[in-house]
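If you want the building blocks of each chain, they are given just below.
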Amino acid sequence: MGSQWGADKYYRRSKSEGYRSRAAYKLEEIQKKFGLIREDDNVVDLGAAPGSWMQVVKGITGGMIIGIDLNTIVPLDGTHSIRGDFTKKEIQDKVIALTGENNVGIVLCDAAPQFAGNKSYDQARAIGLNEGALYFACRMLKPGGNFIIKSFQGEMFQELLNEMRQNFYAVKVYRTRASRRGSTEVYIIAKNFKGKINAETD
Ligand SMILES: C[S@@+](CC[C@H](N)C(=O)[O-])C[C@H]1O[C@@H](n2cnc3c(N)ncnc32)[C@H](O)[C@@H]1O
């Protein structure tokens with residue numbers, strides 16, 4: 001039985017399996033289906049707190065793992081955490097200082113803005129944040145890199161997909177089983193970055 005309040009089967013499972021959040025199961029499901037995280041990928045996780053996606057990624061790649069969040073990410077061995085807004089240049093420069101230029105194999109983004117309860121305002125902010133994440137991915141990824149991003153179906157979603165298709169050779173929309181029932185949440189699975197030349201997203 002699903003519950004809006006977190007006491008659902010994924011929440012209980014995350015507690016018993018030591019994950020920091022039920023969100024872990026969304027990434028596990030996406031990885032099982034699409035296998036986009038490769039074992040030598042450097043990975044950047046946008047909106048990473050409390051850090052369950054970083055825990056999942058640690059079990060897959062031997063590459064560098066960097067999590068970025070507005071909130072503190074409790075340290076996770078063998079990973080880097082950056083506190084700040086990933087849309088800001090100074091935060092992006094910190095990532096490049098760690099990875100070098102265009103040396104990231106996959107960017108993950110599970111970030112969402114604080115919702116105010118106004119449907120069309122919230123949707124516009126969510127898509128705006130998605131565009132910031134797309135810009136980040138285009139700045140960091142190596143050609144052939146991948147991008148997984150949470151979004152919300154509604155106004156401007158199609159335009160976002162079109163921008164994704166300008167920058168990646170294959171783009172799909174996927175809804176995870178762990179997404180809450182009735183929510184418009186989906187993940188965009190973008191494969192095979194075309195390279196900087198197509199990255200005119202800002
Ligand atoms: C659903 S949580 C992510 C859960 C995470 N995937 C996990 O597995 O633990 C969304 C996060 O996005 C972060 N966030 C939203 N906007 C952000 C921004 N501009 N820069 C950095 N983090 C952001 C929020 O602070 C929040 O912690």
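Along each chain, numbering runs from 1 in the same order as the chain's sequence is written. Predicted model: local features are reported for residues with pLDDT of at least 70 only, side-chain atom pairs are reported and counted for 80 or more only, and whole-chain, interface and lining totals are derived from all residues. Each side-chain value is derived from all of the structure's non-hydrogen atoms; neither hydrogens nor water enter the calculation.

Note the threshold: UniProt positions are given in the numbering used here, feature names are shortened, and annotations may be inferred rather than shown by experiment.
For the protein chain, an unreviewed UniProt entry supplies the name Ribosomal RNA large subunit methyltransferase E and the organism Methanoplanus endosymbiosus. Taken verbatim from the UniProt record of the protein chain, the Subcellular location (unreviewed entry) comment is "Cytoplasm". The UniProt entry for the protein chain carries the following text under Catalytic activity (unreviewed entry): "uridine(2552) in 23S rRNA + S-adenosyl-L-methionine = 2'-O-methyluridine(2552) in 23S rRNA + S-adenosyl-L-homocysteine + H(+)".

**Considerations on the overall build of the protein chain**
Test applied: The way it works is that DSSP assigns letters per residue, a run of H or I at least four long becomes a helix, a run of E at least two long becomes a strand, and they are numbered from the N terminus. Atoms counted for the radius of gyration: C-alpha only. Globule rule: 2.2 Å times residue count to the power 0.38. A simple rule labels every residue: compare its accessible area, found with a 1.4 Å probe on the protein chains alone, to the largest value its type can have, and call it buried under 20%, exposed over 50%, or partly exposed in between. A contact between two residues is defined here by any heavy atoms of the two lying within 4.5 Å. With residues, only the protein chains shown are counted as cover, and all accessible areas are computed by Shrake-Rupley using a 1.4 Å probe. Residues counted as positive are Lys and Arg, residues counted as negative are Asp and Glu, and His and the chain ends are not counted. Charged groups are reduced to one reference atom each: NZ for lysine, CZ for arginine, CG for aspartic acid, CD for glutamic acid.
Scanning the protein chain for helices and strands turns up six helices and seven strands. Of the regular secondary structure in the protein chain, the N- to C-terminal order runs α-α-β-α-β-β-α-β-α-β-α-β-β. On C-alpha atoms alone, the protein chain measures out to a radius of gyration of 16 Å, which is about the 17 Å that the 2.2 N^0.38 rule sets for 202 residues. Viewed in the frame of its principal axes, the protein chain has a C-alpha envelope of about 45 × 40 × 30 Å. When the 202 residues of the protein chain are sorted by exposure, 52% land in the buried category. Contacts spanning at least 24 positions in sequence make up 62% of the contacts within the protein chain whose residues lie at least 6 apart. Counting every atom, the protein chain has about 10,200 Å² of accessible surface; 49% of that belongs to carbon and sulfur. Within the protein chain, the 23 negative side-chain charges are centred at a point lying 6 Å from the centre of the 29 positive side-chain charges.

**Some remarks on the pairing of strand β5 (residues 141-152)**
Let me state the cut-off plainly: Strands were regarded as paired on the criterion that DSSP finds at least two bridges between them. A right-handed crossover is one whose linking path, passing over the helix from the first strand to the second, runs clockwise when the strands point away from the viewer.
In terms of burial, β5 is largely enclosed, as nine of its 12 residues are buried. Note: strand β4 (residues 104-109) against β5, five bridges, orientation parallel. The partner of V104 across the bridge, within β5, is L141. For the handedness criterion, the β-α-β arrangement of β4, helix α5 (residues 119-140) and β5 is classed as right-handed.

**Side note on helix α2 (residues 24-34)**
Buried residues dominate α2, accounting for eight of its 11 residues. Along α2, the residues that are buried comprise A24, Y25, K26, L27, E29, I30, Q31 and F34. Its buried side turned inward, α2 meets α1 (9-17), α3 (52-58), β4, β5, β6 (168-174) and β7 (185-193).

**Examining the packing of aromatic side chains**
The test is simple: Pairing of aromatic rings covers Phe, Tyr and Trp, the last counted by its six-membered ring, and requires centre-to-centre distances within 6.5 Å; plane angles under 30 degrees mean stacked, over 60 mean edge-to-face, and any other angle means tilted. Charge-over-ring placement is defined geometrically: NZ (Lys) or CZ (Arg) within 6 Å of the ring centre, and within 35 degrees of the ring normal.
For the structure on display, the rule yields eight aromatic pairs. Between Y19 and Y25 the ring centres are 5.6 Å apart and the planes differ by 85°, which places this aromatic pair in the edge-to-face class. Under the relative-accessibility criterion, Y19 is labelled buried at 17%. Taken together, the aromatic side chains of Y10, Y19 and Y25 make up a single cluster linked through ring pairs. Directly above the aromatic system of F34 lies the positively charged group of K33, at a separation of 5.9 Å from the ring centroid. Seen from the ring of Y169, K194 lies directly overhead, with NZ or CZ sitting 5.4 Å from the centre.

**Details of the site of the ligand**
Applicable threshold: Definition of nearness: a residue and a molecule or strand are near each other if at least one heavy atom of the residue lies within 4 Å of the molecule or strand. Pairs of N or O atoms within 3.5 Å make up the polar contacts considered here, provided that, within protein, one atom can donate a hydrogen while the other can accept it, and that residues adjacent in sequence are counted only when both atoms are side-chain atoms. Cavity means a closed set of points on a 1 Å grid over the protein atoms alone, one where a 1.4 Å probe fits but cannot get out, pocket means an open set with protein on both sides within 12 Å along at least 5 of 7 lines, and lining means a residue has an atom within 4 Å of a point. Cavity and pocket membership follows a simple rule, namely that a molecule belongs there if more than half of its atoms are within 2 Å of the grid points. Put simply, Ala, Val, Leu, Ile, Met, Phe, Trp, Tyr, Cys and Pro go in the nonpolar bin, Asp, Glu, Lys and Arg in the charged bin, and everything else, Gly too, in the polar bin.
Close to the ligand lie 20 residues, the nearest being G51, S52, D69, D85 and D110. Contact between the ligand and D85: a nitrogen atom at 3.0 Å from a side-chain N or O atom of the residue. Take F86: an N or O atom from its main chain is 3.3 Å from a nitrogen atom of the ligand. Here the ligand is seated within the largest pocket. When grouped by side-chain class, the residues that make up the shell around the ligand number 10 nonpolar, six polar and four charged.

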